[in-house]
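# Structural features, examined
So the chains spell out like this:
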Amino acid sequence: NQFATTICCIGAGYVGGPTCSIIADKCHDVLVYIVDIDQTRIDQWNSDKLPIYEPGLDDIVKRRRGLNLFFTTDVDTAINKSDIIFVSVNTPTKKSGIGAGMAADLKYIESATRRLAQVAQSSKIVVEKSTVPCKTAESMRAILESNSKPGLRFDILSNPEFLAEGTAIQDLLNPDRVLIGSLQTPEGKKAQATLADLYARWVPREKIITMNLWSSELSKLAANAMLAQRISSVNALSALCEATGADIDEVAYAVGKDTRIGSKFLKASVGFGGSCFQKDILNLVYLCESLNLHEAADYWRQVITINEYQKKRFIQRIVKSLFNTVTNKSIAILGFAFKKNTGDTRESAAISLIKYLIEEQAQVHIYDPKVEEEQIFFDLIEPGVYSNENQVLHKVKKLVKVHKDAYSATLNTDALVVCTEWDEFTNLDYQKIYNQMRKPAFVFDGRLILNSDKLRKIGFNVEVIGKVAGPVTVEN
Ligand code: NAI
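Residues numbered from 1 in each chain as written. Predicted model: local features only at pLDDT ≥ 70, side-chain atom pairs only at ≥ 80, totals over all residues.

### Notes on the overall build of the chain
Along the chain, the regular secondary structure elements total 18 helices and 14 strands. The globule rule puts the C-alpha radius of gyration for 476 residues at 23 Å, and the 24 Å found for the chain is close to it. Seen along its three principal axes, the alpha-carbon backbone of the chain occupies a region of about 85 × 45 × 45 Å. When each of the 476 residues of the chain is scored for burial, the buried share is 45%. Counting contacts in the chain only where the partners sit at least 6 residues apart, residues at least 24 apart contribute 73% of the total. (Helix = DSSP H or I, 4+ residues; strand = E, 2+ residues; numbered from the N terminus. Rg over C-alpha atoms; globule rule 2.2 N^0.38 Å. Buried ≥ 20, exposed ≤ 12 C-beta atoms within 10 Å, placed from the backbone. Contact = placed C-beta atoms within 7 Å.)

### Describing the site of the ligand
Surrounding the ligand, one finds 27 residues, the nearest of these being Gly 11, Gly 13, Tyr 14, Ser 130 and Thr 131. It is helix α5 (residues 107-119) that contributes the most residues to the shell around the ligand, 3 residues altogether. Taken together, the residues that form the shell around the ligand break down as 12 nonpolar, 10 polar and 5 charged. (Near = placed C-beta within 6 Å. Nonpolar A, V, L, I, M, F, W, Y, C, P; charged D, E, K, R; others polar.)

### Focus: the domain arrangement of the chain
Under the domain assignment, the chain is made up of domain 1 (5-203) and domain 2 (213-476). A separation of 32 Å is found between the C-alpha centroids of domain 1 and domain 2. Each partner contributes residues to the interface: domain 1 has 29 residues there, and domain 2 has 26 residues. Of all the elements in the fold, those that place two or more residues in the side of domain 1 that touches domain 2 are α6 (136-147) and β7 (178-182). (Domains from an automatic or database assignment.)

### Digging into the sheet that holds strand β10 (residues 363-367)
Read from one edge of the open sheet, 6 strands run β11-β10-β9-β12-β13-β14, paired in parallel fashion. Whereas interior strands pair on both sides, the edge strands pair on one side only; in this sheet they are β11 (400-402) and β14 (461-464). Averaged over all pairs of adjacent strands, the angle between strand axes in this sheet comes to 20°, irrespective of strand direction. Sheet analysis places strand β9 (residues 330-334) next to β10, joined by 5 bridges and oriented parallel. Each residue of the ladder has a partner; that of Ala 332, found in β10, is His 365. Its contacts with the sheet place helix α12 (residues 294-321) against β12 (415-418), β13 (442-445) and β14, and it is angled at close to 160° to β14. (Pairing = 2+ DSSP bridges. Axes fitted to C-alpha atoms, helices over the stretch in contact; angles between N-to-C directions.)

### Describing the confidence of the model for the chain
Across the chain, the average pLDDT comes to 96, with 99% of residues at 70 or higher. Across the assembled chains, the prediction reports ipTM 0.99 with pTM 0.95. (pLDDT = per-residue confidence, 0-100.)

### A few points about the packing of helix α9 (residues 213-244) against α12
Relative placement of two packed helices is described by the angle separating their axes and the distance separating the axes. The N-to-C vectors of α9 and α12 enclose an angle of 45°; their axes lie 9 Å apart at closest approach. Considering their axes alone, α9 and α12 lie oblique with respect to each other. Classified by chirality, the crossing of α12 by α9 is left-handed. Listed contacts from α12 to Ala 225, Ala 228, Gln 229, Ser 232, Asn 235, Ala 236 and Ala 239 of α9 are Trp 300, Val 303, Ile 306, Asn 307, Gln 310 and Arg 313. Tallied by class, residues from the contact of α9 with α12 come to 7 nonpolar, 5 polar and 1 charged. (Parallel < 35°, antiparallel > 145°, perpendicular 65-115°, else oblique. Left-handed = near helix turned anticlockwise from the far one by under 90°.)

### So, the packing of α9 against helix α10 (residues 248-256)
At a minimum axis distance of 9 Å, the contact between α9 and α10 shows a crossing angle of 135°. On the basis of their axis angle, the class for α9 and α10 is oblique. Once α9 is placed against α10, the crossing between them reads as right-handed. The segment α9 lies against α10, with Val 234, Leu 237, Ser 238 and Cys 241 engaging Ile 248, Val 251 and Ala 252. Split by residue class, the contact of α9 with α10 holds 6 nonpolar, 1 polar and no charged.

### Quick look at the nonpolar core
Within the largest apolar cluster, 130 residues are counted, with the highest numbers of intra-cluster contacts made by Val 32, Ile 85, Val 126, Ile 333, Leu 334, Val 417 and Cys 419. Two domains each provide a minimum of three residues to this core, namely domain 1 (5-203) and domain 2 (213-476). Not counting residues up to four positions away in its chain, the partners in contact with Leu 334 are Tyr 367, Ala 406, Ala 409, Leu 416, Val 417, Val 418, Cys 419 and Phe 425. (Core = buried A, V, L, I, M, F, W, Y, C linked by C-beta atoms within 7 Å.)

### Topic: the environment of Val 178
With respect to the secondary-structure elements, Val 178 resides in strand β7. Accessibility expressed as a C-beta count within 10 Å gives 22 for Val 178, which makes it buried. C-alpha separation for the pair Val 178 and Thr 210, spaced 32 residues apart in sequence, amounts to 8.4 Å. Among residues more than four places away in sequence, those in contact with Val 178 are Tyr 199, Val 203, Lys 207, Ile 208 and Ile 209.

### Quick word on the pairing of β12
Because side chains alternate across β12, one face comprises the buried residues Ala 415 and Val 417, and the other comprises Leu 416 and Val 418, equally buried. Across 4 bridges, β12 lies against β13 in parallel orientation. If you follow Ala 415 over to β13, its bridge partner there is Phe 442. You can see the chain leave β12, run along helix α17 (residues 430-436) and come back into β13, and the turn it takes is right-handed. (Right-handed = clockwise from strand over helix to strand, strands pointing away.)

### Thoughts on the pairing of strand β4 (residues 84-87)
Side-chain alternation along β4 places Ile 84 and Phe 86 on one buried face and Ile 85 and Val 87 on a second face that is also buried. When β4 meets strand β5 (residues 124-128), the two strands line up parallel, connected through 4 bridges. Considered in β5, the bridge of Phe 86 is made with Val 127. Regarding topology, α5 serves as the crossover connection from β4 to the parallel β5, and that connection is right-handed.

As structure tokens, this is what we get:
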């Protein structure tokens, strides 16, 4: 074997795929297996069209695949060949049982850990990459120790991932920090040093932080809670701006100039989405409540309450502007992904908006540069939720059409709604769009990316989050 180390990543998702592809690209002497139980996903990783869209990812995977980077469903073989195992499986919010709707569902972590215990023939360093509640490493250790062959050692590290979808490759190449938590025993610290050495191949040493396991696990939940809290703070202010005539972009700019606050992550919007923020805050709230810290739980829960409020406010503003009814109106939705530069739609604000429009019998025309039609219908129908699935699908298909570009999506519509901040939406030919829309033509900017003065000059009625509504213009 020409390789110095072999690693295995369990879970070939948005985190496992990019993270371990970067390791393969940065360390040619490390053999990397990325494994999953989902055959379709693995087939996609081995094809020309990867299962996830991330700028820069394609080149990296294609460069290393078949050399020191392999995607496979043969989980057991990969585990056995590896010295370091990353566990990067999904940890969604629990749907039923104790903690339903709040706690993280750890069943995927547990089954991956049990598999690992069962098949391992040698000692391993086990890296918790998934976002998990505090003390999960303890449960993993108990499972590993009581189910594995005698004489084997498992050192568990917490190494939460801070990448953001859409900028994952840049975040991984150039992280603000790499966090590695371990037990403060000599063995724990040795394992910590081994993982630190791996990252040090491309990350400056001073950015690699080590600490105890529980601090590391909690830091990930804390970071996501504070990021989401900034968005909810600015969104709560946007409501106030709309009511007073202040402009949220101006307020955010002024506030962000304070170096203690900083300017990043202060953009008002239709509300945050994505698979992490809501889930991780709920997880934190659950953790607080189970430790009887009710005031702390209430504080964090409010971040989600404001996010829901923001989504609802936007929908209400659309309906109100469209003369209090959207029934039979034709509405173009620009953007379906939860943010730009990703095809990920989990918890996307567009979904709740479109579901509402469907309920109200509006015609909906959707365009997103990276989300496939199949995914859009999947999200709107949520297979498994309704008993009359075919009827729901029929209804949705009657009202919703997915388009290949923004011009086709906006043709003969009454309104266009920007739900995702894709760059291409700022550079569209809005005069052309205006000419082909019904009048009065409305623009609802849920991301504050359009030049509303210019649009108003063309003749649009423009409504922007966090800004006072413009007067309705009617073409004469
Ligand atoms: P994902 O759902 O895209 O990928 C998880 C993969 O694990 C799936 O393909 C699933 O089939 C596989 N899996 C589940 N159980 C398995 C098992 N027993 N054996 C083998 N494969 C198994 O999830 P994603 O987005 O990659 O997230 C993974 C973890 O990383 C979560 O805990 C998440 O909170 C965390 N995270 C996610 C970030 C993101 O931006 N998506 C950022 C930072 C952390």
